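# Report on the structure
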Amino acid sequence: MKPTSRSLSRAALASTLLAASIGASLLLATTSAGAATTLGASAAQTGRYFGTAVSAGKLGDTTYVGILNREFSMVTPENEMKWDATEPNQGQFSFTNGDRILNQAVSNGKRVRGHALLWHQQQPGWAQGLSGSALRQAALNHVTQVATHYQGKIYAWDVVNEAFADGGSGGRRDSNLQRTGNDWIEAAFRAARAADPGAKLCYNDYNTDGVNAKSTGIYNMVRDFKSRGVPIDCVGFQSHLSNSAPSDYQANLQRFADLGVEVQITELDISGSNQANVYGTVTRACLAVARCAGLTVWGIRDSDSWRTGENPLLFDGNGNKKAAYTSVLDALNAGGTTTTPTTPTTPTTPTTPTTPSNSGCTSSVSLDSWNGGFVATVRVTAGSTALSGWSVTTNLPSGATVTSGWNAGQSGTTGSVKWTNVGYNGNVAAGQSTQFGFQGTGSADGITSSCTAG
């Protein structure tokens, strides 16, 4: 994650909104011989994305936007969704530039990675002045408010960024967030899941490209989270490289993938005379790992890079393709494994089976539970006839209470709770699905649901 002012002394620094009809021209760009001719299209051949970091201030640059629209299928805001940008004053939120990037991406058939909800840097001044329980409460409120604002519009969130220390300890970085308690990362992921159940939730860091003390510390955290049902879906590897990649780069990606999470190359840039070869190596490593969902380069042209003077990107300052671009495109077109991505929700209790229905639709519920609470995601599936409206009744066990819901109208909070479609998700094509969700207190183990068309 790079602010534009970040010091170079740091050598390494759903989503349902992908509209196939809008993005078809990008994803189907091929030569007459069948080889894809753009990065997004070539990555899509194996089910992956190829993305870039974008600055709202450059969306008026026609060369910049032309490359963005032509080449990439995923967008990450550089700074516009960070804490200082989105909550400059406590409780007062500003989403103008983040929304601008999101809308530009979606209108051109792209998905968006949200970056980043909590980080020890780029905190607004008011947050830097807090500590202890006041900071913990403010941080979790920030996660909840920002993720709720973008609910259903973000493919994946970097929920927590750069929380581990460099060096040989493999431990956490000392920061004001860490000093609120060692469980702050877990709390942030739970808050993000409750606010946006459909987004993949990622931990993101740098200097973790090979097997080393830092990456192993993160590995141990992810393994612990998975064992306890903490909602984590993906791990981001920034991959700010110079002249080479670690010899165990692919093996490191694979060991994380073997934990059951996606791996994503999130901030790729490579300097040095061996640039083209290293870009090819990194791309092939991702293609060889089935759960490597995609790659994002940190900027479009060399002149857009935070690594001033190092020319680490795929296009030169004039927007011309470099040898590194050809190396990546060739590697993507050579193919690899087909992705097996994680689902956004990691249930800690079994998903209830789909409820048979003679009324034209079925429903199923998946739960993400913890001691004292839960988030339920309900999938509504049309039968052989398209739906023009639907309602679902969820039967909660004794002691469970709904505290909030999204993507559906609600009647009741305990026992039998009725949910009805809202304006944008009532029409469901035959055999297709939509979903809504709700958060509650108590235990929802054993919840059942039934669906009625109309």
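Up top you'll find the structure we're talking about.
All figures in this text were calculated on a predicted structure; none of them were measured in a lab.

## A closer look at the overall build of the protein chain
Counting its regular elements, the protein chain contains 12 helices and 17 strands. Burial statistics for the protein chain: of 454 residues in total, 55% are counted as buried. On the protein chain, roughly 16500 Å² of surface is accessible, and the fraction owed to carbon and sulfur atoms is 48%.

## A look at the packing of helix α7 (residues 132-149) against helix α8 (residues 184-195)
The N-to-C vectors of α7 and α8 enclose an angle of 30°; their axes lie 8 Å apart at closest approach. The orientation of α7 with respect to α8, classified from their angle, is roughly parallel. Of the two possible hands of crossing, α7 and α8 adopt the one that is right-handed. Mapping the contact onto sequence places R136, L140, V143, T144, A147 and T148 in α7 and W184, A187, A188, A191, A192 and A195 in α8.

## Some points on the sheet that holds strand β15 (residues 416-420)
Pairing within the open sheet is antiparallel, and its four strands lie in the order β14-β15-β12-β17. Edge positions in the sheet fall to β14 (409-411) and β17 (448-453), since each of these pairs with one other strand and no more. For this sheet, the mean inter-axis angle between neighbouring strands, taken without regard to orientation, is 20°.

## Details of the pattern of salt bridges
Where charged atoms from two side chains of opposite charge approach closely, those side chains can pair. Scanning all chains against the criterion turns up 17 salt bridges. Two residues, R136 and D183, come together in a salt bridge whose shortest N-O distance is 2.7 Å. Of this pair, R136 sits in helix α7 while D183 sits in the loop between β4 (156-161) and α8, and the two are 47 residues apart along the sequence. E186 is the salt-bridge partner of R228, the closest N and O atoms lying 2.8 Å from each other. Within this pair, whereas R228 is found in helix α9 (residues 213-228), its partner E186 is found in helix α8, the two being separated by 42 residues in sequence. Given the relative accessible area of 40%, R228 is considered partly exposed. Each member of the salt-bridge network shares a partner with another, and the members are K58, D61, R301 and D304.

## Some details on the state of the cysteines
The full count for this structure, using the stated rule, is three disulfides. Between C202 and C234 runs a disulfide, and the two sulfur atoms are separated by 1.9 Å. Residues C202 and C234 are joined by a disulfide whose S-S torsion is about -80°; by sign, that bridge is left-handed. Placement of C202 in strand β5 (residues 200-205) and of C234 in strand β6 (residues 234-237) is noted, with a sequence separation of 32 residues between them. Take C202 and C234: they sit in the same class, and that class is buried. Two residues share a disulfide in this structure: C286 and C292, whose sulfurs sit 2.1 Å from each other. Judged by the sign of its S-S torsion, about -100°, the cystine formed by C286 and C292 is left-handed. Residue class for C286 comes out buried when judged on its relative accessible area of 0%. On the accessibility criterion, C292 (0% relative accessible area) is buried. Counting its disulfide-bonded cysteines in sequence order, the protein chain shows a connectivity of 1-2, 3-4, 5-6.

## Here's the deal with the packing of helix α11 (residues 275-288) against helix α12 (residues 323-334)
It is at 8 Å that the axes of α11 and α12 come closest, and there the two elements cross at 25°. Classed by the angle they form, the pair α11 and α12 counts as roughly parallel. Relative to α12, α11 is oriented so that their crossing is right-handed. Contacts from Q275, A276, Y279, G280, T283, R284 and L287 in α11 reach A323, A324, S327, V328, A331 and L332 in α12. Considering only residue class, the contact of α11 with α12 consists of eight nonpolar, four polar and one charged.

## Structural notes on the pairing of strand β1 (residues 49-54)
If a strand is regular, its side chains alternate between the two faces of the sheet. Counting buried positions along β1 yields six of six residues, so the element is predominantly enclosed. Of the two faces of β1, the one carrying Y49, G51 and A53 and the one carrying F50, T52 and V54 are both buried. Where β1 and strand β9 (residues 292-297) come together, four bridges link them in parallel fashion. Within the sheet, the bridge partner assigned to F50 lies in β9 and is L295. Summarising the sheet, β1 and strand β2 (residues 74-77) pair through four bridges and their orientation is parallel. Residue pairing for β2: V54 is matched across the bridge by P77. Taking the sense of rotation as the criterion, the β-α-β connection linking β1, helix α3 (residues 62-71) and β2 turns out right-handed.

## Description of unusual backbone geometry
Residue A116 follows H115 across a cis peptide bond; omega there is -5°. When you line up the elements, A116 lands in strand β3 (residues 111-119). Positive phi, normally seen in glycine, also occurs at N207, with a value near 55°. Structurally, the position occupied by N207 is in the loop between β5 and α9. Taking relative accessible area as the criterion, N207 reaches 35% and is therefore assigned partly exposed.

Rules used throughout
Residues numbered from 1 in each chain as written. Predicted model: local features only at pLDDT ≥ 70, side-chain atom pairs only at ≥ 80, totals over all residues. Heavy atoms only, no water. Helix = DSSP H or I, 4+ residues; strand = E, 2+ residues; numbered from the N terminus. Buried < 20%, exposed > 50% of the residue type's maximum accessible area, 1.4 Å probe, protein only. Areas by Shrake-Rupley, 256 points an atom, 1.4 Å probe, with all protein chains shown as cover. Axes fitted to C-alpha atoms, helices over the stretch in contact; angles between N-to-C directions. Parallel < 35°, antiparallel > 145°, perpendicular 65-115°, else oblique. Left-handed = near helix turned anticlockwise from the far one by under 90°. Contact = heavy atoms within 4.5 Å. Pairing = 2+ DSSP bridges. Salt bridge = Lys/Arg side-chain N within 4 Å of Asp/Glu carboxyl O. Disulfide = S-S within 2.5 Å. Nonpolar A, V, L, I, M, F, W, Y, C, P; charged D, E, K, R; others polar. Right-handed = clockwise from strand over helix to strand, strands pointing away.

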